[in-house]
Amino acid sequence: MSLLRLCAFSRSLPGRVLSEKHALTQRLYADQCHFCLRRRSDGNRSAGAPWAVFRRNVSACIPKKQDTKKRTWEQTQLVDVLEARIQQLQSDVLVEVKHSEVQFVRTPPSERGGPGVRGIRSTARDSGVAAKEMQDSKKGDAERPSLRTNPSRWMEKLKKERWTKSRKLQQKDKESEPEHRTGKSFKTISGTQPAPRATTGGSKGVRAGSSRDQKQVLSGGRPPSGGEGDSREAELVAVEELDQRLNQWDSARPEPLLEYGEGSRNADSQLGMCSYLEACIFSGDVQRAHSCLLYHHRNLSRRKVLPINAYNIMMRVWAKKGSLNQIGRLFVMLEEAGLKPNLSSYCAALECMGRHGSCSPRVINRCLQQLEEEGLSVQDVFRDCVFREDEREMVLRAMQVVQPDFQPSLDTEARICSSPLMQDFYIKRDEAHYPKMGFSLAELRARFEQQLAMEQADTITIDSVEASKPVTEHMAKMRELLGLLRTQWHPVLLQAFRDSKLVLANNGQKSWKMNLYPYLCLLEEHEYVDIMLQSLVRLQPNGESLLILAKELGNKVYNKYCIRTKARSLMLDKITTIYNRYAELLAEDTESSKHLPRERWAELEAGLSSGPSLPCDDTQWPHILVVQVGAHLVDLMVREVKVHSNILAPAQEKKLIPVLYHMYTFRSNRQVGFIKPHPILMHILSEAMETKLTFDSYVMPMLCPPVPWTSPKFGTYILTPTKLMRSVDGAVQHSQLLEKCPQEDLHAVLDSLNQLGNCAWKINQPLLDIIISIFNAKGSEKLDVPPPVSEAPQSPRFNPREPSLSLAEKAFLKREVAKCRKKQAEMHSLRMDALYKLSIANHVRDQVFWFPHNMDFRGRTYPCPPYFNHLGSDVTRAILLFAEGKPLGRHGLDWLKIHLVNLTGLKKSSSLAERLQYANSIMDDILDSADNPLTGKQWWTEVDEPWQALSCCMEIANASRSPNHTQYISHFPVHQDGSCNGLQHYAALGRDVIGATSVNLVPCKVPQDVYSGVAQQVEEFRSRDAEKGLKIAQVLDGFINRKVVKQTVMTVVYGVTRYGGRLQIEKRLREIEDFPKEYVWDASHYLVHQVFSSLKEMFTGTREIQDWLTESARLISKSGRSVEWVTPLGLPIVQPYHRTKNTVLKSSMQHVNLQVSYDASERPDTVKQKNAFPPNFIHSLDSTHMMLTALHCYSAGLTFVSVHDCFWTHAVTVDIMNKVCREQFVALHSQPILQELSNFLVQKYGSKPHTDHKNKKFLEFKRMVQLLAQVPQTGNFDLQKVKESTYFFS
């Protein structure tokens, strides 16, 4: 029987303070062993009593052993267990523990402080006494190496030796180190200082809670006279070795506690604990949350999963109930766990005191005193804490009890981004012309109400573009059948869901046991069923992996839960009030302002400080929890959703069969769980062609301007949760890095995202109708309109047991079947993607809408809606227009024509004048394409980007036919694309003259084509090798061109390897019909080598910088740390590549193996870190250039959006945007980027050298620091020439 179980309290013991010692003793007497009772009640007995007394008390419980040493060890362990249990009692029934006695707290009569307040003070006073006694006992142990029992000789020898060494060390540190204070005093919210109290002689010290406390004991006590001849370093090593050997036997010592996040091996467990507590509280089951916290706190091995946020969550609950007693208990528990109360802890305590109408000012003052002792202030509470509902008012009420005139100070100091690139932008605003939107104030407020209604509904149902098809009798029958099945499945799933909840609730009768039950109570039951049914009809014919499907369902539950949380916290009213006033900044019928959107929102929020805080601090669910919730729903679907086997063929046998099947398949030699729909379901869905599609609200574009980003935790949607920085599911290091960053350094990044999100869009309706007509007419692969699956090639039918077929024929047929199935799956995926995009576009065809933006971890920006946005394919880009129109002006029509030629892919090496001349020469084809897109000559179908070209043809036709084309109002976006932008940044970094010329950083009469240059260089190498008789060089004669090498040249700057480059070239060679296919492998291997050699010759500086970045990342990751850097705009970046850790999720269907590569506690993945650093660093620079361009275009009143290194604006403002683009590129690269990167890396990774200079690790460290400090040499290219380069962006 477990020793802990022998001495455990009864689970029925209530967790509140009992008023009488006699009543408590009677309750304890029922279930406790006599040894525990005597241990708790006999306060006069000396703690140094001989072991024989204790042995007699427990001899009936512990079996007698023949081995004397083993019995002595067990007895020692029993004392350890009892002492650990005594510590746990403090958080159970508020009994205050001394090592040999238990003092019970009596509740005094109610006084001015109100019920429970004096009880908390008494508790705090007694806690301080107990802590003092622990100090005394620890000090006694340090000064006299006596043992609590009669241990084995080796243990006694080790302890004496450790004590002797520590005394010698302290003698040497006497003059240089202050006197050590052993032990740790408990702090409670009352902050009283206990008076010293005499303790019984020979009392034993409680076991230290951490290795830090043990080291204090090692150095404690008064040093004796005299010294040793041994060196200090050797003595330190000896003491550490002894301490390590002793710690191996210290099984009761808790592990060091880390906050969840970077570096914590318990990050997911800690996030899961906080999520569980919040889910319990949200669903109203506070007792379950409280019991779970107490259980994990008492169990030392489980306490590591309790971060301080877990305690703070419970503090908030008890603060709402005004239970100051419970707050005090949680403060004591924090000290026991070795955690330090933070601002949220004190905020909860003050809130509780504010709700407690008769709280004594003395108690509040003690809380404030302790707050100041921790180096915090009340102003920090009001400035940094996240408030919900009326928490802020309650804290303020508590403050005004002791300081009637207290008011929190408003942070009115304007903090400017520290980046030198942004100093003038924020300070010099006299010439700024921030644009207005073409809507009145009333219209913007009405649009906000529409968006709010859509987000509150969570989902939106729209018409499918297939609804325009004529409905046949068979189609109507299938739709009716599908509707009938849904009505049958809904109650079945609902009942199964209720039954599963009941089972989980009964399994969790031990309220401390964590399971999925709270997460199944967050939403209405029918909402879970709706989520399951929606995912059911979206399955692909070939099925979906269990992991992906579970993740999708789990995320839907989490998003709905977040929306409910925000609505409950009273945030909605505050957001509505602020937005209605914020709209005045954007409306065209209001006065202009020099405020940026972020600044105006922050100003309004500061002025309306009452009520909840807008940034939300809800815990993000860990990835494994999201999958676990989703897997539970998938399991219900597989088990409960069934259909009759003869539903399509009534003549067959009637029996119920599952609609979904759980099966296994192999992917890359790994067995993967798969959920596959029955062919009956897929046949019904394909034949029904339903006219309705249901999406989550965040999938749709916003119907009003997005809420501006004001912090990493607040922006874009009104209620839907959105991350500022996208990351892998479960990764938290990015968000933590943003929170640690000074907020003013993020202003430029936030303002650029707000500028991109404030661009209003509308639909090009004539073009959309043409695309929908082709989509419903079986599509067109040539025009990138996916055909339906019915057009897919049919799989050959054959009998594998047919004797007439040879083995080779059977193998061939099997391969053909596999190819057909793969093609069908691809066509289905593409068809559904196009269906979603076109249906969403058709739904908003008569509206103006916005795309809120966020970014990835490198700073590259993306629209939040996943399906329909301007980063999509040629089709989606073609049907998007700026909602705001501007006159073409003098050169606008010319820019439209040049843009059309750019879209054709022709005349890439021609000047702008030659492109314009070519456009004028084909005006007949342009007008014919605009007037008869499907019945004319269809010139537009032969170009690179056909749909965008057709849209541009229509715009040119309308403008040229207008009475005055300079006054024609154009909504068309004109693009300016960078010329191999990655190489442009490399050439600018290295001041490489040859490289800069190749990528158009130098003014030229015609654009330089780096791809053609590389192809020409490769051809020279090939000719030379062919003359030498190399066979593959002779075979490649006439086949090397720009298209073959373009993709490899484009991606080599972004880290493509020779292997990846070979695959790219192989694909291009296979597309050439005349090339002999038997030489594809040899030719691609030869060409990739020649391409890399050509780039090395043409871009010498680029290769040196790339090699320096790669080797730096390799050494940094080899030292055990991830690569971090800060962009020139101040955005902190960390590479999330770590060694993969396998986590097994045990569900009722199967064990899901989650491969986690984002765990920051794992060592970095050296290969990924070094290969990714160069391209990621360049991506961070091109995103910085884009953001600078966006901000200065906004300041100039331009409409601006981007697709990474492709910038869009109105035709009339192309010249202005080009000027801004070049100026900001020069300003960016005028900064010492590489030197600042080197300084940052040296400061971050070179500040902690190893002490042993002969150690191998020290040599590696020295080599790393030397490399980081050696910035590659640069050339003498003049950056100012970029301002005059016409084809830098064109």
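Preceding this paragraph is the structure being described.
Every chain begins its residue count from 1, and numbering advances along the sequence as written. The predicted origin of the model limits local features to residues at a pLDDT of at least 70 and limits the giving and counting of side-chain atom pairs to 80 or more, whereas totals for whole chains, interfaces and linings rest on all residues. Based on all heavy atoms of the structure, the side-chain values leave hydrogens and waters out of the count.

## Focus on the overall build of the protein
Just so we agree on the cut-off: Secondary structure elements are taken from DSSP: a helix is a run of H or I of four residues or more, a strand is a run of E of two residues or more, and numbering for both begins at the N terminus. Contact criterion: two residues are considered in contact whenever any of their non-hydrogen atoms come within 4.5 Å of each other. The Shrake-Rupley method, run with a 1.4 Å probe sphere, supplies the accessible areas, and residue values consider only the shown protein chains as cover.
Of regular secondary structure, the protein possesses 47 helices and 25 strands. The long-range fraction of contacts in the protein, counting pairs at least 24 apart against all pairs at least 6 apart in sequence, stands at 76%. Counting only carbon and sulfur atoms, one obtains 50% of the accessible surface of the protein, whose full area is about 58100 Å².

## Concerning the sheet that holds strand 13 (residues 849-850)
Stated formally: We treat two strands as partners when DSSP finds at least two bridges between them.
Read across the sheet, 3 strands follow the order 13-12-16 without closing on themselves; strand pairing throughout is antiparallel. Lying at the two open borders of the sheet, with one neighbouring strand each, are strand 13 and strand 16 (880-882). Of the pairings in the sheet, the one linking strand 12 (residues 760-763) to strand 16 comprises 3 bridges and is antiparallel in character. Counted as the bridge partner of Ile763 is Leu880 from strand 16.

## Structural notes on the pattern of salt bridges
To keep it simple, the criterion reads: By definition here, a salt bridge exists when the distance from a side-chain nitrogen of Lys or Arg to a carboxyl oxygen of Asp or Glu is within 4 Å. The rule is simple: take the accessible area with a 1.4 Å probe, protein chains only, and divide by the maximum for that residue type; under 20% is buried, over 50% is exposed, in between is partly exposed.
Using the criterion set out here, one finds 48 salt bridges in the structure. Between Asp751 and Arg598 there is a salt bridge, with its nearest N and O atoms 2.8 Å apart. Of the two residues, Asp751 sits in helix 28 (residues 747-757) while Arg598 sits in helix 24 (residues 597-607), which places them 153 residues apart along the sequence. Residue class for Asp751 comes out buried when judged on its relative accessible area of 4%. Given a relative accessible area of 6%, Arg598 falls into the buried group.

## Points about the packing of aromatic side chains
What characterises a pair of aromatic rings is the spacing of the ring centres plus the angle enclosed by the ring planes. The cut-off we apply is this: For this analysis, a ring pair means two rings from Phe, Tyr or Trp (six-membered ring only for Trp) whose centres lie within 6.5 Å, classed as stacked if their planes differ by under 30 degrees, edge-to-face if by over 60, and tilted for the remaining angles. Working rule: Lys NZ or Arg CZ, within 6 Å of ring centre, within 35 degrees of ring normal, means a charge sits over the ring.
On inspection of all chains with the given rule, the structure shows 36 aromatic pairs. Every member of this aromatic cluster is reached through a ring pair, and the members are Tyr276, Phe282, Tyr519, Tyr558, Tyr561 and Trp621. Of note, Arg568 hangs over the ring of Phe282, and the distance from its end group to the ring centre comes to 3.8 Å. The residue whose ring lies beneath Arg831 is Phe775, and the NZ or CZ to ring-centre distance is 3.6 Å.

## Structural notes on the packing of helix 36 (residues 981-990) against helix 43 (residues 1100-1118)
What describes two packed helices is the angle between their axes and the distance between those same axes. Defined as follows: Here an angle of 0 to 180 degrees is reported between the N-to-C directions of two axes, which are lines fitted to C-alpha atoms, with helices fitted over the stretch in contact. Reported orientations rely on four angle classes, namely roughly parallel under 35 degrees, roughly antiparallel over 145, roughly perpendicular from 65 to 115, and oblique for the rest. Three categories are distinguished: nonpolar for Ala, Val, Leu, Ile, Met, Phe, Trp, Tyr, Cys and Pro, charged for Asp, Glu, Lys and Arg, and polar for the others, with Gly belonging to the last.
Following both chains from N to C, one finds helix 36 and helix 43 inclined at 90°, their axes separated by 9 Å at the closest point. Here helix 36 is positioned roughly perpendicular relative to helix 43, judged by the angle of their axes. Between helix 36 and helix 43, the contacting residues are Leu983, Tyr986, Ala987, Leu989 and Gly990 on the first element and Thr1102, Ile1105, Gln1106 and Leu1109 on the second. Of the residues belonging to the contact of helix 36 with helix 43, the class tally is 6 nonpolar, 3 polar and no charged.

## Thoughts on the pairing of strand 7 (residues 660-667)
On a regular strand, one side chain projects to one face of the sheet and the next to the other, so that they alternate. In this structure, strand 7 lies alongside strand 8 (residues 670-677), joined through 8 bridges in antiparallel fashion. Note that in strand 8 the partner of Met663 across the bridge is Phe674.

## Focus: the environment of Lys642
Inspection of the secondary structure puts Lys642 in strand 5 (residues 642-644). The partly exposed category is assigned to Lys642, whose relative accessible area is 37%. The spatial distance from the C-alpha of Lys642 to the C-alpha of Ile657 is 5.4 Å, given a sequence separation of 15 residues. Those residues within four positions of Lys642 in sequence are excluded, and the remaining contacts are Trp489, Leu656, Ile657, Pro658 and Val659.

## Overview of the packing of helix 36 against helix 45 (residues 1214-1229)
Just so we agree on the cut-off: Working rule for handedness: look at the near helix, and if it is turned counterclockwise from the far one by less than a right angle, call the crossing left-handed; if clockwise, right-handed.
Contact geometry for helix 36 and helix 45: axes closest at 10 Å, N-to-C directions at 45°. When the axes of helix 36 and helix 45 are compared, the pair comes out oblique. When the axes of helix 36 and helix 45 are compared, the crossing they make is right-handed. Only Phe1225, Leu1228 and His1229 of helix 45 make contact with helix 36, whose side of the interface consists of Gln984, His985, Ala988 and Leu989. When its residues are assigned to classes, the contact of helix 36 with helix 45 shows 4 nonpolar, 3 polar and no charged.

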